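Letter by letter, the chains look like this.
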Amino acid sequence: MIVGIDDTDSRSGMCTTYLCAYLVDALRNYCGEDSIPSAPRLVRLNPCIPYKTRGNGAVAFEVSTTTARTRLEDVKELVRSTVSEFSELDDANTNPGVVFIEDESMTNLSIRQLKSYYERAVRTVLTLEDALAIITDFGFDYFGLKNKRGIIGALAAAAFVILQRYYRYDFTYELMAYREKERWGTPRRIDERSVWEADAATYPLTWDTVDVANGRVVFAPHSPCPVLFGIRGDSVDALYKAYEIVDSEPVERVMLFITNQGTDFHLITPGTEQKLLDYHSYILDGVVESNPVTIAGGHVLFKLSSVSQSTNTGVDCIAYEPTKGFRNIIRKLRQGDEVRVFGSFKCGTLNLEKIEIKSLKREELRNPRCERCGRSMESAGRGQGYRCKHCNTRREAKEVVAIDRAIEEGLYEVPPVARRHISKPLIRMRTKKGVIIHPSR
Ligand code: ATP
C-alpha cells in the first residue's frame, strides 16, 4: 500500500516531511524493518501555487503489501491519528489530506491516469474535484481534515511512488535531519565552518548546501519547524559523508528521501499556438527585444519577443533582487541576443530561474565615423547617406562595428539562495555533451 500525505504544516510550525519521517520510523518499529521497502518520497508540486506554505512539498511512502490485511487497517489508523494529532489545524491555510493506494487497485488505466494527474499537479493548477474524481474512479481510500485541499498533493505524491516503477523520471535525494522537540522554535546550533567543510568534501555530488558567491549556508530553514537541515544531492554515499562532517545540536532522527527536487519537472515547453497561463512555468525561446533595465527595488527587466510563441507579442522577463549576482548576467544582455528563458509566468511576466544565451549579438550598425576628424556623421536626409557637418565628408551607409561583450554564451542560473527546490541546478548537467554551463555556487 502507498500512503500519500500533504498540507499538515504552517509557517509557525510542523513540516509534512517530519510527520512522514515520524510515521516511517513508527511503522518500521511496529511492522518490522522490511515494512517500508524503499525510502519515502518528497515530491515538489507546482511551485507557483498560491496556498503553499514554502516549497509546495508533499510526501509518500510504501508499506509492504505482504503485511496482513488487518495490519494494513492498523497502519491506516496510525496514519489518520498521527496526521490529526500533528497537523497545525489552527492555521486557516492548513488543510490536511491523506490518500491510500493499494496495489490491487492498480490497472493500466489507473497508471495512465495517475501519470497525467502527477504531471498536472507539478505543472498546472488542479482542484480538489480533480483529485476526488480519480480517487472515486479507482476506489482509493482517503482521509482529509478541514477543506481537505491536501488530498490534491497527497494523491500526486502517492502517484509518484507508483510511476517510478514504470517510468524513468529523473530524481535526486535529500537527507533530512530533525531537531529534538524541546528545541523547536529556538535558534539552530549548527557549526557553519563544518557545513562549508561538508560541502567542499562532497560537491558536486551534493549541491545547494552553501552559496559560495553570497557567503551563505542555505541547507537549514529559519522557520520554527522541526527541520534542522537537509542535504541535497545525487549520491546517497555523498549525502551521508556530508552528514557525518556537519557538527550541530543533537539530531532527533534522520530520514533519506527520494525526491523530484532539482529536476526541472515543473517546466513546460509550450506549443506555438498555446497561450501562456498564470501560475505555470515555461521554457521559451526568443530574442531580446529591449536592453535590460534596472527598476525600483533592484529588479532587472527585459522584453523577450518569443519566437516559440507566435501568439504572444512579447514577454517581460524579470530577475528579482533576491537573485543577486544573476542580475548582472541579465544586465549584460543586449537587444538582438538569442536566448532561451526558464521560469514561472504571472500577469505577463516571466520570473527567471535560468537563462541560456544561445547567441550573442556581436556586431551592430552605427552611423559612420568621419575619416578626417573621427566624429560621428549625421544623416544627410532621407536616402542621402551620412555627412560630417565639420569636414563635409560623406558616406553612403551605416557601418558594421564589433561589440565587445563581457559575457559568454551558455546556461546561467540563479544562485542557491534564490533557487526553487524543483529547479535543476546546472551542475547536474555537467556531463551533458554540447551544453555550456555556468553553474552558480
Ligand atoms: P511545506 O513545503 O513546508 O510542506 P508546502 O509549501 O508544501 O509546505 P502545503 O502546506 O502543502 O505547502 O500547501 C500546498 C497546498 O496546495 C496543498 O493543499 C496541496 O494539496 C495543494 N496543491 C499542491 N499542488 C497543487 C496544484 N498543482 N494545484 C492545486 N493545488 C495544489
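Just so it is clear, the structure is predicted and the values come from calculations on it, not from any experiment. (Residues numbered from 1 in each chain as written. Predicted model: local features only at pLDDT ≥ 70, side-chain atom pairs only at ≥ 80, totals over all residues. Heavy atoms only, no water.)

1. Examining the domain arrangement of the protein
Once the domains are mapped, the protein shows domain 1 (2-163), domain 2 (172-259), domain 3 (267-362 + 404-438) and domain 4 (363-402). Computed from C-alpha coordinates alone, the two centres of domain 1 and domain 4 are separated by 69 Å. (Domains from an automatic or database assignment.)

2. With respect to the packing of aromatic side chains
A complete count under the given rule lists 15 aromatic pairs for this structure. Ring geometry for Tyr-18 versus Phe-86: centroids 6.5 Å apart, planes at 15°, classification stacked. Of this pair, Tyr-18 sits in helix H1 (residues 16-31) while Phe-86 sits in helix H2 (residues 69-86), and the two are 68 residues apart along the sequence. A single burial state applies to Tyr-18 and to Phe-86, both of which are buried. An angle of 25° between the planes, with centres 5.4 Å apart, marks the rings of Tyr-118 and Phe-265 as stacked. Taken together, the residues span a long stretch of sequence, with Tyr-118 in helix H3 (residues 108-123) and Phe-265 in the loop between strand S11 (251-259) and strand S12 (267-268) at a distance of 147 residues. A relative accessible area of 1% means that Tyr-118 is categorised as buried. The buried category is assigned to Phe-265, whose relative accessible area is 15%. Within the aromatic cluster, the residues linked to one another by ring pairs are Tyr-18, Tyr-22, Phe-86, Tyr-178 and Trp-184. The lysine or arginine in question, Lys-76, covers the ring of Phe-100, its NZ or CZ lying 5.4 Å from the ring centre. (Phe/Tyr/Trp six-rings, centres within 6.5 Å; stacked < 30°, edge-to-face > 60°. Helix = DSSP H or I, 4+ residues; strand = E, 2+ residues; numbered from the N terminus. Buried < 20%, exposed > 50% of the residue type's maximum accessible area, 1.4 Å probe, protein only. Lys NZ or Arg CZ within 6 Å of the ring centre and 35° of its normal.)

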